[in-house]
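# Chains, contacts and geometry: an overview
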Amino acid sequence: MTTRGWEHFEHGADIGVRGCGPTLEASFEEAATALAAVVADPGTVRPLQSIAVACEAPALDILLVDFLNAIIYEMATSGLLFAAFHVTIDGARLRAEAKGEPFDAGRHEAAVEVKGATMTALKVEQLADGRWCAQCVVDV
Amino acid sequence: MPERRLNRIGEDEWEIAQEGAMRVPARIFASADLIAGLDDKVLEQAANVAMLPGIVEASYAMPDAHWGYGFPIGGVAAFDPEEGGVISAGGVGFDISCGVRTLLTGIGAGAITAQRERLADALFQRIPAGVGSHGEISLTPKDMDAMLRGGAAWAVGRGWGVAADLTRTEDYGCVAGAGPEFISAKAKERQKGEMGTLGSGNHYLEVQRVAAIFDEDAARAYGLKAGDAVVSIHCGSRGLGHQIGTEALREMALTAASHGIALPDRELACAPIASETGQRYLGAMRAAINCALANRQILTHLARSVFAAILPRAQLKLLYDVSHNTCKEETHTVAGRPRALYVHRKGATRALGPGHPALPPDLRAVGQPVLIGGTMGTSSWILRGTAEGMTRAFGSACHGAGRSLSRHAARQRWQGRAVIDSLAERGIIVRSRSAKGVAEEAPGAYKDVDAVVAAAHRARLATKVARLEPLICIKG
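Residues numbered from 1 in each chain as written. Chains lettered and ligands numbered in written order. Predicted model: local features only at pLDDT ≥ 70, side-chain atom pairs only at ≥ 80, totals over all residues. Heavy atoms only, no water.

One pass over the full model with this rule turns up 4 cavities of 30 Å³ or more. Its volume calculated, the largest cavity comes out at about 570 Å³. As for the largest cavity, its lining consists of 38 residues, and the residues nearest its centre are Lys115 of chain A together with Ile73, Asn202, His234 and His399 of chain B. Roughly 60 Å³ of volume is contained in the second largest cavity. The residue inventory of the lining of the second largest cavity, partitioned by class, reads 4 nonpolar, 3 polar and 1 charged. (1 Å grid on protein atoms, 1.4 Å probe; cavity = no way out; pocket = protein on both sides within 12 Å on 5 of 7 lines; lining within 4 Å. Points joined across faces, edges and corners; volume = space filled by probe spheres on them. Nonpolar A, V, L, I, M, F, W, Y, C, P; charged D, E, K, R; others polar.)

Moving on, we come to the nonpolar core. Counting residues in each nonpolar core, the largest one holds 157 residues, and the members touching the most others are Phe28 and Phe67 of chain A together with Ile28 and Tyr281 of chain B. With 11 residues, helix H10 (residues 276-310) of chain B is the largest single contributor of residues to this core. Contacts of Phe67 of chain A, omitting those with residues within four sequence positions, involve Phe28, Ala32, Val53, Cys55, Phe85, Val87, Leu94 and Ala96 of chain A. (Core = buried A, V, L, I, M, F, W, Y, C linked by side-chain atoms within 4.5 Å. Buried < 20%, exposed > 50% of the residue type's maximum accessible area, 1.4 Å probe, protein only. Helix = DSSP H or I, 4+ residues; strand = E, 2+ residues; numbered from the N terminus. Contact = heavy atoms within 4.5 Å.)

On to the environment of Tyr281 of chain B. Residues and elements named next belong to chain B. As for its position among the elements, Tyr281 is in helix H10. Judged by its relative accessible area of 4%, Tyr281 is buried. Note: C-alpha distance between Tyr281 and Ser88 (193 residues apart in sequence) is 8.8 Å. Apart from residues lying up to four places away in sequence, Tyr281 is in contact with Ile87, Ser88, Ala89, Val92, Ile96, Ile244, Ala248 and Met252.

All names here are of chain B. In the structure shown here, the tally under the stated rule is 48 salt bridges over all chains. A salt bridge links Asp215 to Arg384, with the shortest nitrogen-to-oxygen separation between them at 2.7 Å. In this pair, Asp215 sits in the loop between strand S8 (204-213) and helix H8 (216-222) while Arg384 sits in strand S16 (residues 380-385), placing the two residues 169 residues apart along the sequence. Judged on exposure class, the residue Asp215 and its partner Arg384 are both buried. Connected through salt bridges with shared partners, the residues Glu170, Asp171, Lys328, Glu330, Arg345 and Arg350 form a single ionic network. (Salt bridge = Lys/Arg side-chain N within 4 Å of Asp/Glu carboxyl O.)

In this model, the largest pocket occupies a volume close to 260 Å³. Contributing to the lining of the largest pocket are 19 residues, with Met75, Ala76 and Glu113 of chain A together with Val131 and Gly132 of chain B lying nearest its centre. Those elements giving two or more residues to the lining of the largest pocket turn out to be helix H2 (60-78) and strand S4 (80-90) of chain A together with helix H9 (238-255) of chain B.

All names here are of chain A. Read across the open sheet, the 3 strands follow the order S3-S5-S4; overall the sheet is antiparallel. A strand with exactly one partner marks an edge of an open sheet, and here the two such strands are strand S3 (49-56) and S4. Going from strand to strand, the sheet's axes swing by 20° on average, the running direction of each strand aside. Relative to strand S5 (residues 93-102), S4 runs antiparallel, the two being bridged by 10 bridges. Along S5, the bridge assignment pairs Phe82 with Gly100. (Pairing = 2+ DSSP bridges. Axes fitted to C-alpha atoms, helices over the stretch in contact; angles between N-to-C directions.)

Listed below in structure tokens is the structure:
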């Protein structure tokens, strides 16, 4: 993975999402992009609409789960697919903007819905080279 | 976990002896071949479950067990509230009350042949399936609560089914003790447009052919005839269950320590049954079970409307509806004493043996139909509950094939279009809105369901009645 980016990792029945970047916020943004990519290729999604989410948690790893679950909730209830995220974290609080567009079966190929983010393989950490990585398995 | 800890205690039964923090042993039902292919994580998870407070007898893993969240998928565990027993959101799963219902059609599969494409298209058009699909039913908050309390009985009351459907649904289509008031506004919002939808992933509606009968007496009692067409529906409580699971997992993980519970794995998140957290989750989970039962009932109604238009000779009669992600309060005799236990079945099907009072009178002598879903290219199975299964694993059996390859690996290996074409060559029509989704669900990504069922049969958890082969698959 280059300085900033996301990837999926293997999990028996489901999919792991991992994001890394130069800051904690960047790692959360990339992890959310990895989540969005479980449903549909973010490259095919235009950032036409934006929604805001906010959450608060007693630990950074729980904050990641809460953030991803907030995005999953928005995907389920707003019918939006997402392509880009902007995250700010202040202590235990997170605020984020997610940009995307409504799912259009003609233009998007959606693979699967995500049921929830889990605490399996859950990790938020700063690596020796200073980069941050955030990851967990999502249930599909 | 080193393999030497696994002792073979029967032809298809293995045990991890109680040690360390384990309160009871862990038992795995599987053939030697299935054990050889088993992820070590399953053994670790089965042993972890054995550490939870109030667990009774053993932590069990069914022949299709695979790595889950805290509990293995294919895990069964019973807890006694009088011994500090717990309820675990991870032990139920995100898709609360996901399950299978099978409907008889009363017509031979041959009678469908000429109409197969038309039937597939009409079902695909009528059954909302896949990402972003919505049902035609939108519930007001009052209707939502009535649905959550009433389950399939609520749906039948609305005209989406007949009273006879309820006698052939687990718990007669409605579990008691549902607490819609314990469900968040978010969970209800997530469900608003999702009544009567299949969802995605491994969910499906299939038209199948009864390919072989293994138990004539049970088949007769179940109304199954070789060569007949049946319809099976696999789905759960949709967004409502997912949101309840998400919220409960978080709460239980963060509060376990305050209840004096040391979790070997955060995902074993649980709360004492007697606690306020535990009672709230139980109320919400029971309401989600009712939601799943109502959902499968509405899908039944939609399937019936399609058959009525295309094959009016077919009378879709419910054989049975059984869930495989639940926790239920049941009475089991342990060491000669009846005890009220909370039995978690996570990716495991309840399999009540002959004579069980919870079975409808016309099935009581035979035992419960146990419905095992396959993949779109492999068999599904109908088994019957046994007396031995009641004592071996609290009346539980496997639930499906279980994945052997991750979704990611499946997508690397197969193209959705090619999967659909090769199934078509075998006479199986697949309709799906997502080629990617089909690739992820390719039959080759799953374990051999026949081997899983054979192990359950030999272990007498449930015994073979009929094998079903897919004809049409509407893929979620």
